[in-house]
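Summary of structural features
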Amino acid sequence: MQPKVIIHGGAGSSLGGKGGVEVVRQSLYQIVDELYGLLQNNTSALDVVVRGCQLLEDEPRFNAGTGSVLQSDGQIRMSASLMDGLSHRFSGVINVSRIKNPIDVANSLQASPDRVLSDNGAAEFVRELGLSVYNPLTDKRLNEWLEDRKQNFSRSMADVIAESPGTGTIGVVALDTEGRLAAGTSTGGKGFEKIGRVSDSAMPAGNYATGSAGISCTGIGEDIIDECLAAKIVIRVTDGFSMKAAFERSFAEAHEHKRDLGAIGIDANGIIAWGKTSDVILAAFHDGHKKGDSLEVQKGTQIFVAE
Ligand code: ASP
């Protein structure tokens, strides 16, 4: 089977100037190339998704792992999830601190009878795994938080995309040579949120996969949860909708409900798709012949489904 991969680095309000677009494109393409090489070497979709999430978490320009945004109390709490379409198994970690790659915790939980852990329990599990203590804070994020504190955190969401070079929650969906699908998503949250707020990124609303399709979402988590977007698209495809019809219907509903969100996905036939109601989604893909991206499309609701 021809493998496929699509990744995202968030959705939001603007992408700054052209310089920003090129920097983000190079960064996304470099990761897409590495992931496509792994797929060509018969690496499983699940392993490719984990690797892709690690690379995107390590890139400080995106709001996941290193470069995560700060919550209202000035702390970083990260969430991530992984779903293996083959085993139909979801695992995730909610509001974990002081580690480098939250996706590694979600991956370790794939084999656990308790597959979604939060806060104290997640911290204890991180200790059990023996992961090194790591501070994901960057100066840029600290300065953004200090600026927003002056305005009493009046914005609904941090600049997880805005301004060159652009930043955001990350996600990866892959289809491997055996036809297996997997999806992973990782985030620092939407920024300035209340302590204990739970992101969609570690819920089936934001990340879901079966043998029929895999989807990773980004945008305002509450909007994604209200639409139950990832699970909705995947279930539509599983029940017989084409990928195109599932994206059209789901994004028409999200548009009607005035949501601010985006999604990427691949189905079992290798159809790659992305959609958004937000101004921008930073998505890039490799279909086996060429790379493509969503960086310079028009603002507002748009979908792309590869033929
Ligand atoms: N969906 C994430 C959240 O609300 C934020 C994002 O996608 O940028 O936690």
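Residues numbered from 1 in each chain as written. Predicted model: local features only at pLDDT ≥ 70, side-chain atom pairs only at ≥ 80, totals over all residues. Heavy atoms only, no water.

Describing two packed helices takes the angle between their axes plus the distance from one axis to the other. In the contact formed by helix H2 (residues 45-58) and helix H3 (residues 102-109), the axes pass within 8 Å of each other and the chain directions differ by 155°. In terms of orientation, H2 and H3 fall into the roughly antiparallel class. Residue-level inspection shows Leu-46, Val-50, Cys-53, Gln-54 and Glu-57 of H2 in contact with H3, the latter providing Pro-102, Ile-103, Asp-104 and Asn-107. Broken down by class, the residue content of the contact of H2 with H3 amounts to five nonpolar, two polar and two charged. (Axes fitted to C-alpha atoms, helices over the stretch in contact; angles between N-to-C directions. Helix = DSSP H or I, 4+ residues; strand = E, 2+ residues; numbered from the N terminus. Parallel < 35°, antiparallel > 145°, perpendicular 65-115°, else oblique. Contact = heavy atoms within 4.5 Å. Nonpolar A, V, L, I, M, F, W, Y, C, P; charged D, E, K, R; others polar.)

Turning our attention to helix H5 (residues 139-150). For H5, built from 12 residues, the straight-helix expectation of 16 Å at 1.5 Å per residue is met to within 8% by its first-to-last C-alpha distance of 17 Å. Taken together, the buried positions of H5 are occupied by Arg-141, Glu-144, Trp-145 and Asp-148. Seen along its axis, H5 keeps its buried residues to an arc of 100°; they face one direction. For H5, the exposed residues lying more than 90 degrees away from the buried face are Asp-139 and Lys-150. Phi turns positive one or two residues past the end of H5, at Asn-152, with a value near 60°. (Expected span 1.5 Å × (residues − 1). Buried < 20%, exposed > 50% of the residue type's maximum accessible area, 1.4 Å probe, protein only. Arc of directions from axis to C-beta.)

Before going further, it helps to spend a moment on the sheet that holds strand S10 (residues 272-276). The sheet built from five strands is open, its strands ordered S7-S8-S9-S10-S13 with antiparallel pairing. Each of the sheet's edge strands pairs with one partner strand only, and the pair in question is strand S7 (207-209) and strand S13 (302-305). Pairs of neighbouring strands in the sheet enclose a mean axial angle of 10°, with direction left out of account. Of the strand pairs in this sheet, strand S8 (residues 213-219) and strand S9 (residues 261-267) are connected by seven bridges, and their pairing is antiparallel. Across the sheet, the residue bridging to Ile-215 is Gly-265, located in S9. Packing against the sheet, helix H7 (residues 229-238) makes contact with S7, S8 and S9, and its axis sits at approximately 155° to S8. Together, S8, S9, S10 and S13 form the strand contacts of helix H8 (residues 243-256), whose direction differs from that of S9 by roughly 170°. (Pairing = 2+ DSSP bridges.)

On to the nonpolar core. Val-5, Ile-7, Leu-28, Leu-35, Leu-56 and Val-172 are the most contacted members of the largest nonpolar core, which has 47 residues in total. With nine residues, helix H1 (residues 18-40) is the largest single contributor of residues to this core. Ignoring sequence-local partners within four residues, the contact set of Leu-28 consists of Ile-7, Gly-9, Leu-56, Phe-62, Leu-282, Ala-283, Ala-284 and Leu-295. Grouped together as the second largest cluster of nonpolar side chains are 36 residues, Leu-175, Leu-181, Ala-183 and Ala-246 included. (Core = buried A, V, L, I, M, F, W, Y, C linked by side-chain atoms within 4.5 Å.)

One open sheet accounts for eight strands, arranged S4-S3-S2-S6-S5-S1-S11-S12; its pairing is mixed. The open sheet has two edge strands with one neighbour each: strand S4 (116-118) and strand S12 (291-293). Averaged over neighbouring strand pairs, the angle between their axes works out to 10° when direction is ignored. As defined by bridge partners, strand S3 (residues 89-96) adjoins S4 across three bridges and the pair is classed as parallel.

Take the pairing of strand S5 (residues 170-175) next. Counting buried positions along S5 yields six of six residues, so the element is predominantly enclosed. Both strand S1 (residues 4-12) and S5 contribute to a ladder of five bridges, which runs antiparallel. Paired with His-8 across the strands is Gly-171, a residue of S5. Where S5 lies against strand S6 (residues 181-187), six bridges are found, and the strand directions are antiparallel. By the bridge assignment for S6, Val-172 is matched with Gly-184. Linking S5 to S6, which pair antiparallel, is a turn of five residues; within it Gly-179 sits at a positive phi near 85°.

With a phi close to 65°, Asn-42 is a non-glycine residue in the positive phi region. With respect to the element layout, Asn-42 can be found in the loop between H1 and H2. Even without being a glycine, Arg-98 presents a positive backbone phi close to 55°. Residue placement: Arg-98 occurs in the loop between S3 and H3. For Arg-98, a relative accessible area of 48% puts it in the partly exposed group.

It is worth spelling out the confidence of the model for the protein at this point. Mean pLDDT over the protein: 92, with 93% of residues reaching 70 or higher. Here residues 160-167 is a poorly scored stretch, pLDDT under 50, and it has 42 contacts once near neighbours within four places are set aside; other chains count. (pLDDT = per-residue confidence, 0-100.)

For the coordinates displayed, the defined rule picks out three aromatic pairs. Taking the centre distance of 5.7 Å and the plane angle of 15° together, the rings of Phe-247 and Phe-251 count as stacked. One end of the pair is Phe-247 and the other is Phe-251, both in helix H8 and four residues apart, which spans about a single turn. With respect to burial, Phe-247 and Phe-251 carry one shared label: buried. (Phe/Tyr/Trp six-rings, centres within 6.5 Å; stacked < 30°, edge-to-face > 60°.)

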